[in-house]
Amino acid sequence: MQKDVIYIDVDDDITAIIGKVKAAKAHIVALVPPKRIGAIQSAVNLKLVHRAAEQADKRLVIISNNVSLMALAGSAGIPVARNLQSKPELAEVPVLEVDDDDVIDGADLPVGDHQAVAEKVANDSVVPEVGAAAVAASADSVAVSHRDKPVTRGSKVAVPNFDVFRKKLLLGIVGGVTLISLLVWAFVFAPSARIIITARTTDAALNSRVSLSPTATTDLKAGTIASVLKSTKKDVSIPFTATGKKDVGDKATGAVKLYNDSFDPVTVSGSVTAGGFTFYLSSAVTVPKGSCTRPSSCSSGTATGTIVAAAPGSNYNGISGELGDLPGTITGAITGATANGTDKTVTVVSQEDVDKVSGDASKQDVAEAAKKELLASLRGDYIILDSTFKADTSAVKSAPAVGSEATDSKATLAGSVTYTIVATVKSEVSKYLDAYFAQQIDGKTDQKVYSNGLTDVSFTNISQADTITTVNISTNGKIGPKVDEKALKEFAKGKRYGEIQDYVKQVSGIDNVDVKFSPFWVSSSPGDPNRIKVEFKVNGA
């Protein structure tokens, strides 16, 4: 049979030797050790080599004359040949000679000691099984029966399991990192503090007259607050019955002659009277000056014109006689009786008719709808002055117009009604209040405005002129002690409850100071001021 001869190098370790045995191609492997036996001088290593050979289905023979190695090989169950040509044999294990004096009678030992010794012997005992015919092979072959191998009880070689070790190491690292992270979170990131300060405040009243205007800016000194004037238009059409009466007949007319006794021409126009009636000159008449040929012989200047009755009607007819209401140097008379005056009465729209229904233009349902629309547009941050809601009906006209004839006495009041309401933005009011109460504590560095009274502000005594609304503004602000929040946070870093409490209570007007740490294991404020929160509670605010 073919065999592989492996020469062991003095520097080869047991792993290298096992690797060479496994790599052998022949079924029989002859190991030739160096003079310095090296790695295989250990019984354990020989057993490892032998086991590796068996697992690789190899027959192992050691070529050596070394007596010690032969004995070790015998104990490991490996045949030995003196050279590559000699027959392999399984070396006998020398029998241990025992002197009778060394024999210990167990009966002489205490029971406990005897038991311990007995168990130790049982666990450590090696029971060699050596067969006499273990080797049967030709010069080139070796046959070793497994039954002839020496068997060692309870003497397994423990090979380290690196996978388990690696897993345990990895778990240990992960656990360590987790523990460190948890500690960092618990003592660096998790801690926080909340400083709750309760302060006493005093009321500060505001009651002043201000003007609200959509074109003004909020200014405490000027006493103005920017406002908003919201408007909307609604078309209305209200029919009504005309009740006015009007004489639309012809006016009487007549001819007149005017006399001027002065030496200057005089122009006459306007109204004149005659017979208790009023007439108007149809056009201005210039009466020439008078003249005298001698002192006792003078003549007046004369001119003619026409007059028209002041109103239609036949009652102006037949009027004659002198004219009244003429300039001092002018006299005149109707040259013929007035005539052509006629009577005709029709129904017209009177102002009284319009006044009766004009109020309805701003009181109907359309007004309510307009107000709802305006209020809806002012939802949110507005303060609405409800009493400023009003309707402008100036664009609502009568058709026919006042004084005109209404056919069948029917007329309509129609047009657009403009509804308006005044409001102001809360932020503008707040700006005014802030400025007012800031002025109240001007120069008092230890005082602070806790509330500007915006939520309770009221506007009374409202009056309007064009787009400007004048009102009384009133409310109560809250003024109390001032604590520098930034400085407090800087001080509180790393401080305990009592230290923070004592520091804050130095400020006058502080009622109470409470400090809450979180989580429960924290007993002082964190070093990061961003993790410290300051809350103010104001008594009565």
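That block above? That's the structure.
As the structure is a prediction and not an experimental result, all values here were calculated from the model.

A. Spatial organisation of a nonpolar patch on the surface. Residues Leu179, Ile180, Leu182, Leu183, Val184, Trp185, Phe187, Val188, Phe189, Phe520 and Trp521 make up a contiguous nonpolar surface patch of about 1,200 Å² in total accessible area. Relative to the assigned elements, Phe520 resides in the loop between β27 (510-518) and β28 (532-538). On the basis of relative accessibility, which here comes to 76%, the residue Phe520 falls in the exposed class.

B. Here's a closer look at helix α3 (residues 67-76). Those residues of α3 that sit buried are Leu69, Met70, Ala73, Gly74 and Ala76. With its buried residues spanning 165° around the axis, α3 presents them on a single face. Structurally, α3 contributes buried residues whose contacts are with α2 (43-55), β3 (59-63) and β4 (80-81). Put simply, Asn66 is the residue that caps the front of α3, since its side-chain oxygen is 2.9 Å from the backbone nitrogen of Ser68. One or two steps after α3, the chain reaches Gly77, where phi turns positive at roughly 80°.

C. Main features of the pattern of salt bridges. For the structure shown, the criterion picks out 12 salt bridges. Close ionic contact of Arg200 with Asp511 constitutes a salt bridge, the shortest N to O distance being 2.6 Å. Residue Arg200 is located in the loop between β5 (192-199) and β6 (202-213), and its partner Asp511 is located in strand β27; the two are separated by 311 residues in the primary sequence. Among the ionic pairs, Asp386 bridges to Lys371, the shortest N-O distance being 3.2 Å. You can see Asp386 sitting in strand β21 (residues 382-392) and its partner Lys371 sitting in helix α7 (residues 365-377), a full 15 residues away along the chain. The class for Asp386 is partly exposed, based on a relative accessible area of 41%. The network of salt bridges with common partners includes Arg194, Lys533 and Glu535.

D. Quick look at the sheet that holds β27. In space, the three strands of this open sheet follow the order β27-β5-β28, with mixed pairing throughout. Each edge of the sheet is formed by a strand with only one pairing partner; in this case those strands are β27 and β28. Adjacent strand axes in the sheet meet at a mean angle of 15° when their direction is disregarded. As paired strands, β5 and β28 are joined by seven bridges and run parallel to one another. Within the sheet, the bridge partner assigned to Ile195 lies in β28 and is Val534.

E. Quick peek at the pairing of strand β15 (residues 291-294). Across three bridges, the pairing between β15 and strand β16 (residues 297-299) is antiparallel. If you follow Ser291 over to β16, its bridge partner there is Ser299. Counting the residues between successive antiparallel strands, the hairpin from β15 to β16 contains two residues.

F. Quick look at the packing of helix α1 (residues 14-23) against α2. With their axes 9 Å apart at the nearest point, α1 and α2 run at an angle of 25° to one another. Considered as vectors, α1 and α2 are oriented roughly parallel to each other. Where α1 crosses over α2, the handedness of that crossing is right-handed. Residues Ile14, Ile17, Ile18, Val21 and Lys22 of α1 lie in contact with α2, whose contacting residues are Asn45, Leu48, Val49, Ala52 and Ala53. Split by residue class, the contact of α1 with α2 holds eight nonpolar, one polar and one charged.

Cut-offs and rules
Residues numbered from 1 in each chain as written. Predicted model: local features only at pLDDT ≥ 70, side-chain atom pairs only at ≥ 80, totals over all residues. Heavy atoms only, no water. Patch = residues over 30% accessible without salt bridge, like charges linked within 9 Å, V, L, I, M, F, W, Y side chains within 5 Å. Areas by Shrake-Rupley, 256 points an atom, 1.4 Å probe, with all protein chains shown as cover. Salt bridge = Lys/Arg side-chain N within 4 Å of Asp/Glu carboxyl O. Helix = DSSP H or I, 4+ residues; strand = E, 2+ residues; numbered from the N terminus. Buried < 20%, exposed > 50% of the residue type's maximum accessible area, 1.4 Å probe, protein only. Arc of directions from axis to C-beta. Contact = heavy atoms within 4.5 Å. Polar contact = N/O pair within 3.5 Å; in protein donor to acceptor, adjacent residues only side chain to side chain. Pairing = 2+ DSSP bridges. Axes fitted to C-alpha atoms, helices over the stretch in contact; angles between N-to-C directions. Parallel < 35°, antiparallel > 145°, perpendicular 65-115°, else oblique. Left-handed = near helix turned anticlockwise from the far one by under 90°. Nonpolar A, V, L, I, M, F, W, Y, C, P; charged D, E, K, R; others polar.

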